[in-house]
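# Structural overview
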Amino acid sequence: SPLTFLMCYPLRLVGGAAYPLVLNIFSALMGAVTVGLLARSVAILPHDRTREQRTRGHSEDTVLHIPLAWVPPVFAAGLVGLQLTFWEHATAMTGEMIQMLVFAYCIRCLLEYRLDLQDAWLFKMAFVYGIGITNNWALIGFAPLFLVSLMWIRGFSFFDSGFLIRMAVCGLAGLSLYLVM
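A short tour of the structure in this document, coming up. (Residues numbered from 1 in each chain as written. Predicted model: local features only at pLDDT ≥ 70, side-chain atom pairs only at ≥ 80, totals over all residues. Heavy atoms only, no water.)

### Things to note about helix α4 (residues 71–81)
Every buried residue of α4 is accounted for by Pro73, Ala76, Ala77, Val80 and Gly81. The arc enclosing the buried residues of α4, seen along the axis, measures out at 120 degrees, which places them on a common side. Turned more than 90 degrees from where α4 packs its buried face, Phe75 and Leu79 sit exposed. Buried residues along α4 sit in contact with α2 (19–43), α5 (84–91) and α6 (96–116). (Buried < 20%, exposed > 50% of the residue type's maximum accessible area, 1.4 Å probe, protein only. Helix = DSSP H or I, 4+ residues; strand = E, 2+ residues; numbered from the N terminus. Arc of directions from axis to C-beta. Contact = heavy atoms within 4.5 Å.)

Spelled out as structure tokens, the structure:
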């Protein structure tokens, strides 16, 4: 797990009896960031709009714009944050929070790209996804799902050779973390 090694390496400076405590606090911070990424991802998820909503709405985006739009992100954050296994891994450094953080960030990048169509989000996702593969081989199994969702969002512009080459370079740059070990 080169990513876990690199993220925990600076914490070795603490040393002694405080080292496990610092690792657990670090894991709790990663859990909090993961819950924040999940809340943002839920907030920008598309929702189906009726014809009346489209005619009355002032924006073309599909983000929920009602007074109670805060409820789904808070509910999702509470649901995952209070889950026993999430809580256990967030309070004890097992490395699972690093993997969860990488996965949540990749999903957020896809959803942010859907909103503003800036390729930088996809390049960040490819880089972080490559880093995540070095730490967790399960992401290889999720790769077809990410590719299908990316093709769905981009349409035929996905097959642009320049875009594919840049995505591959970013992914390979992330995979270069294998060389750390």
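### Digging into α2
An α-helical turn contains 3.6 residues, so any two residues separated by three or four positions project in the same direction. With 25 residues, α2 should reach 36 Å at 1.5 Å per residue; the first-to-last C-alpha distance of 36 Å fits that figure. Residues of α2 that are buried: Leu23, Phe26, Ser27, Met30, Gly31, Thr34, Val35, Leu37, Ala39, Ser41 and Val42. Residues of α2 that are buried sit in contact with α1 (2–8), α4, α5 and α6. (Expected span 1.5 Å × (residues − 1).)

### Some thoughts on the layout of surface pockets
In this structure, the largest pocket encloses a volume near 300 Å³. In terms of lining residues, the largest pocket is bounded by 15 residues, among which Met125, Ala126, Tyr129, Leu147 and Met167 are the most central. For the lining of the largest pocket, the secondary-structure elements that each account for two or more residues are α7 (119–135), α8 (138–154) and α9 (161–175). Within the lining of the largest pocket, the residues separate by chemical class into 13 nonpolar, 2 polar and no charged. (1 Å grid on protein atoms, 1.4 Å probe; cavity = no way out; pocket = protein on both sides within 12 Å on 5 of 7 lines; lining within 4 Å. Points joined across faces, edges and corners; volume = space filled by probe spheres on them. Nonpolar A, V, L, I, M, F, W, Y, C, P; charged D, E, K, R; others polar.)

### Comments concerning empty space enclosed by the protein
Scanning the entire structure with this criterion turns up 1 cavity of 30 Å³ or more. Quantified by volume, the largest cavity comes out at close to 30 Å³. Around the largest cavity sit Ile98, Gln99, Val102, Gly132, Asn135, Asn136 and Leu139, which together line it. Listed by contribution, the elements that provide at least two residues to the lining of the largest cavity are α6 and α7. No other element matches the 3 residues that α6 contributes to the lining of the largest cavity. Here the residues of the lining of the largest cavity sort into 3 nonpolar, 4 polar and no charged.

### A look at the side chain of Glu112
Structurally, Glu112 can be placed in helix α6. With a relative accessible area of 6%, Glu112 lands in the buried category. A polar side-chain atom of Glu112 sits 2.7 Å from a polar atom in the side chain of Arg40. In this view, Glu112 contacts Arg40, Ile44, Leu117 and Trp121; residues no more than four positions away in its chain are not counted. (Polar contact = N/O pair within 3.5 Å; in protein donor to acceptor, adjacent residues only side chain to side chain.)

### Observations regarding unusual backbone geometry
Most peptide bonds are trans, and most residues other than glycine sit at a negative phi. Of note, Leu117 is a non-glycine position whose phi angle comes to about 55 degrees, a positive value. Within the secondary structure layout, Leu117 lies in the loop between α6 and α7.

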